[in-house]
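# Observations on the three-dimensional arrangement
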Amino acid sequence: MSSIAFTNISTLVTNDSSIDDGALGIVRNATIVSDDGVIARITTGVPTGVDSVVDCSNKTLLPGFVDSHSHIIFAGDRSEEFSLRSQGQKYTSGGIASTVAATRAATDSDLASNAQRLLDEALASGTTTMEIKSGYGLTEKDELRSLQVAKNFTEETTLLAAHVIPEEFRDDPDGYVDLIINSIIPQSHAKWIDVFCDVGAFNPNQTEAILRAGISHGLLPRLHANQLSSGKAVEIAIAVDAASADHLSKSTDRDIELLASSNTVATLLPGAEFSTHLEAYLGRRFLDAGATVAIASDCNPGSSFTTSMPFCIAAAVSLLGFTVEEAVAAATIGGAKALRRSDIGSISVGKRADLVLLDAPSYIHLAYRPGVNLVHSTYKSGRAVTTWQK
Ligand code: NIG
Ligand code: FE
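Residues numbered from 1 in each chain as written. Chains lettered and ligands numbered in written order. Predicted model: local features only at pLDDT ≥ 70, side-chain atom pairs only at ≥ 80, totals over all residues. Heavy atoms only, no water.

### Overview of the overall build of the chain
Within the chain, the regular secondary structure consists of 14 helices and 18 strands. What you see for the chain is a C-alpha radius of gyration of 20 Å, in line with the 21 Å of a compact globule of 390 residues. The principal-axis extents of the C-alpha atoms in the chain amount to approximately 70 × 45 × 45 Å. When burial is assessed residue by residue, the chain has 59% of its 390 residues classed as buried. Surface accessibility of the chain: about 14,700 Å² in total, with carbon and sulfur atoms responsible for 49%. Across the chain, the 30 positively charged side chains and the 45 negatively charged ones have centroids separated by 2 Å. (Helix = DSSP H or I, 4+ residues; strand = E, 2+ residues; numbered from the N terminus. Rg over C-alpha atoms; globule rule 2.2 N^0.38 Å. Buried < 20%, exposed > 50% of the residue type's maximum accessible area, 1.4 Å probe, protein only. Areas by Shrake-Rupley, 256 points an atom, 1.4 Å probe, with all protein chains shown as cover. Lys, Arg positive; Asp, Glu negative; His and termini not counted. Charge placed at Lys NZ, Arg CZ, Asp CG, Glu CD.)

As structure tokens, then:
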């Protein structure tokens, strides 16, 4: 491995709140040195004895984006469904079935190449960590092979066999819950277990049984909560100490209070709000209550087909009531907390040198220039990368 210095950084976002009054810990005209993939020094000037130097004048350096929620193992296209929504049709979980059919028909190599293409897009827009869920296979074989594909790309793999009840179990939903608990979970070896707890998906009893079965096999819980309706999902998330409850669009004030006084991160998905049923100012309700908040792409072919965390930052600001600073923090350190990771999401000595360099003088441009890719380069463990690797 080697050392690399980033010098004359016009705006450095550290996320170290001890550095300045704001949450982003901004340093001007700084230098950082990465050694063997880890941040070794935050200093000024041009250090000697490093292998390479990147001049960051008029640029902004941030922690790489941590996308803590994605569904990128799938095949097929649902652009027609999106178009119907633009004509007033409501989003429901019903469209998932068409992606399940296409995913079951796809080869492992089709699934891997689609995921690689999406991860390359994400990398080009500054994402350095991506959580990846299964959930479009919904058979033992197809869920396990979806996870196998995901494992080649990330450590943050999530079993979402409990996405919806597949057609063949329509008259026997508990039979599918039994299959998940007794066959799929024990063979999954994923890091996380997730359940879509909502109307048209899994009820609270099924949700809790599946999460607890996952936990007993060493998987860690997180869940889809209150996306389409309000229910018991937040209470369950807190009862099982889920790392994160995600979506939360239909949350009640009580859900928000419960999350704010828990260890469970509230993960909001601005791309899904944009593409389905906007809950305006959703972010403000959580932020004002003092909840720990993350934003993530939710990249999937139905409700949010974007890999761009800068788009999510801009949407969080303009649609969900975040300040730019809150949105940038939620896309970096917030995502790290949602994955219970302390080695990523901030720039300080000892953290992984996962970085995004913007061709812009301030992080504000991420929201101020929506739809424009400002990423100059993305670094994983101190190396500039253009193709996603684990
Ligand atoms: O997170 N909520 C469930 N799953 C996805 C959407 C799935 C789909 O429509 O394909 C989501 O938004
Ligand atoms: Fe999702």
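Alright, that's what it looks like, and here's the rest.
### With respect to the packing of helix α4 (residues 140-151) against helix α5 (residues 173-188)
In contact at an axis separation of 10 Å, α4 and α5 are set at 30 degrees when each is read in the N-to-C sense. When the axis of α4 is compared with that of α5, the two are roughly parallel. For the pair α4 and α5, the crossing hand works out as right-handed. Across the interface between the two elements, Glu140, Glu143, Leu144, Leu147 and Lys151 of α4 pack against Leu179, Ser183, Ile184, Gln187 and Ser188 of α5. Residues of the contact of α4 with α5, tallied by class, amount to four nonpolar, three polar and three charged. (Axes fitted to C-alpha atoms, helices over the stretch in contact; angles between N-to-C directions. Parallel < 35°, antiparallel > 145°, perpendicular 65-115°, else oblique. Left-handed = near helix turned anticlockwise from the far one by under 90°. Contact = heavy atoms within 4.5 Å. Nonpolar A, V, L, I, M, F, W, Y, C, P; charged D, E, K, R; others polar.)

### Here's the deal with the pairing of strand β9 (residues 157-162)
Two faces belong to every sheet, and in a regular strand the side chains alternate between them. By the criterion of burial, β9 is predominantly enclosed, with six of the six residues buried. Judged from the two bridges that link them, strand β8 (residues 132-133) and β9 form a sheet pairing that is parallel. Paired with Lys133 across the bridge in β9 is Thr158. Of the crossover connections in this fold, the one passing from β8 over α4 to the parallel β9 is right-handed. In terms of strand pairing, β9 meets strand β10 (residues 192-197) through three bridges, oriented parallel. Bridge pairing in β10 links Leu159 to Ile193. Read as a crossover between parallel neighbours, the route from β9 over α5 to β10 is right-handed. (Pairing = 2+ DSSP bridges. Right-handed = clockwise from strand over helix to strand, strands pointing away.)

### Considering the coordination of the iron ion (ligand 2)
Each protein donor to the iron ion (ligand 2) is listed here as His69 (NE2), His71 (NE2), His224 (NE2) and Asp298 (OD); together their distances run 2.0 to 2.3 Å. Mapped onto the sequence, the donors of the iron ion (ligand 2) take the spacing H-x1-H-x152-H-x73-D. Of this pair, His69 sits in the loop between β6 (65-67) and α1 (79-86) while His224 sits in strand β12 (residues 223-225), and the two are 155 residues apart along the sequence. (Donors = N, O, S within 2.8 Å, 3.2 Å for Na, K, Ca; no water.)

### Remarks on the side chain of Ser146
Mapped onto the fold, Ser146 is located in helix α4. Overall, Ser146 belongs to the buried group, its relative accessible area being 1%.

### Digging into the site of ligand 1
Among the 15 residues in the neighbourhood of ligand 1, the closest are listed as Arg78, Tyr91, Tyr136, Gln227 and Ser303. Note that an oxygen atom of ligand 1 is positioned 3.1 Å from one of the side-chain N or O atoms of His71. Here an oxygen atom of ligand 1 and a side-chain polar atom of His224 are 3.1 Å apart. Protein burial of ligand 1: of its 330 Å² of free accessible surface, 100% is covered by the chains. In the shell around ligand 1, the residues fall into four nonpolar, nine polar and two charged. (Near = heavy atom within 4 Å. Polar contact = N/O pair within 3.5 Å; in protein donor to acceptor, adjacent residues only side chain to side chain.)

### Section: the pattern of salt bridges
Considering all chains together, one arrives at 21 salt bridges under this definition. Across the pair Asp241 and Arg340 runs a salt bridge, and its minimum N-O distance is 3.1 Å. Of this pair, Asp241 sits in the loop between α7 (233-239) and β13 (244-247) while Arg340 sits in the loop between α13 (333-338) and β16 (355-358), and the two are 99 residues apart along the sequence. For Asp241, a relative accessible area of 35% corresponds to the partly exposed category. Within the structure, one salt-bridge network assembled from shared partners comprises Glu131, Lys133, Asp194 and Arg222. (Salt bridge = Lys/Arg side-chain N within 4 Å of Asp/Glu carboxyl O.)

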